[in-house]
Amino acid sequence: MSKTTRKDVLGLVQKWQKILKVNVKRVQIREMKRKWASFSSKGTLTINKDLLNLPRKYTEYVIVHELLHGIVPNHGRTFKTLLHVYLPDWEKLHRYLIG
């Protein structure tokens, strides 16, 4: 199980902001007590530093999840449909992360 680096995170953000057509102005990695990440309305993506200790597929899922909130603000049907389109195994990744 290899760790995810900051460079990996930036590469994934770059990849997915192009695919999803969402503008990320800033990426920060810091300690977060209650969540894996957040994406502000001003374009700041904050990633929980603990995510870097997990395989890259989990980091990618969290990035896609957060960037989709730039399109759909809630976790409703449209949001979940988009997750299925972009990451068909998202539910398995999500279950792992919520423990």
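Please refer to the structure higher up on the page.
### Remarks on the pairing of strand β3 (residues 44–48)
Within β3, 5 of the 5 residues are buried, leaving the element largely enclosed by the surrounding structure. Residues T44, T46 and N48 of β3 are buried on one face, and the alternating residues L45 and I47, pointing to the opposite face, are buried as well. When strand β1 (residues 26–30) meets β3, the two strands line up parallel, connected through 5 bridges. Residue R30 lies in a different strand from β3, and its bridge partner there is N48.

### Concerning the nonpolar core
Ranked by internal contacts, the top residues of the largest apolar core, which has 29 residues, are L45, Y61, I63 and L67. Listing elements by their share of this core, those giving two or more residues are α1 (6–20), β2 (37–39), β3, α2 (56–68), α3 (77–86) and α4 (90–98). Here this core takes 7 residues from α2, the largest share from any one element. With near-sequence residues (within four places) excluded, I63 lies in contact with V9, L12, V13, W16, L45 and I47.

### So, the sheet that holds β2
Sheet strands line up and pair through hydrogen bonds in the backbone, either parallel or antiparallel. The mixed open sheet is built from 3 strands, whose spatial order is β1-β3-β2. Looking at which strands have only one partner, the edges of the open sheet turn out to be β1 and β2. Each neighbouring strand pair of the sheet contributes to a mean axis angle of 10 degrees, computed without reference to strand direction. Its contacts with the sheet put α1 on β1 and β3, and the angle it makes with β1 is roughly 145 degrees.

### Here's the deal with the packing of aromatic side chains
Scanning the entire structure with this criterion turns up 3 aromatic pairs. On the numbers, 5.9 Å between centres and 90 degrees between planes, the contact of W16 with Y86 is edge-to-face. In this pair, W16 is assigned in helix α1 and Y86 in helix α3, connecting sequence segments 70 residues apart. Between Y61 and W90, the ring centres sit 6.5 Å apart and the planes meet at 15 degrees, which makes this aromatic pair stacked. Placement of the pair is Y61 in helix α2 and W90 in helix α4, with a sequence separation of 29 residues. Residues Y61 and W90 agree in their burial class; the two are buried.

Thresholds applied
Residues numbered from 1 in each chain as written. Predicted model: local features only at pLDDT ≥ 70, side-chain atom pairs only at ≥ 80, totals over all residues. Heavy atoms only, no water. Buried < 20%, exposed > 50% of the residue type's maximum accessible area, 1.4 Å probe, protein only. Helix = DSSP H or I, 4+ residues; strand = E, 2+ residues; numbered from the N terminus. Pairing = 2+ DSSP bridges. Core = buried A, V, L, I, M, F, W, Y, C linked by side-chain atoms within 4.5 Å. Contact = heavy atoms within 4.5 Å. Axes fitted to C-alpha atoms, helices over the stretch in contact; angles between N-to-C directions. Phe/Tyr/Trp six-rings, centres within 6.5 Å; stacked < 30°, edge-to-face > 60°.

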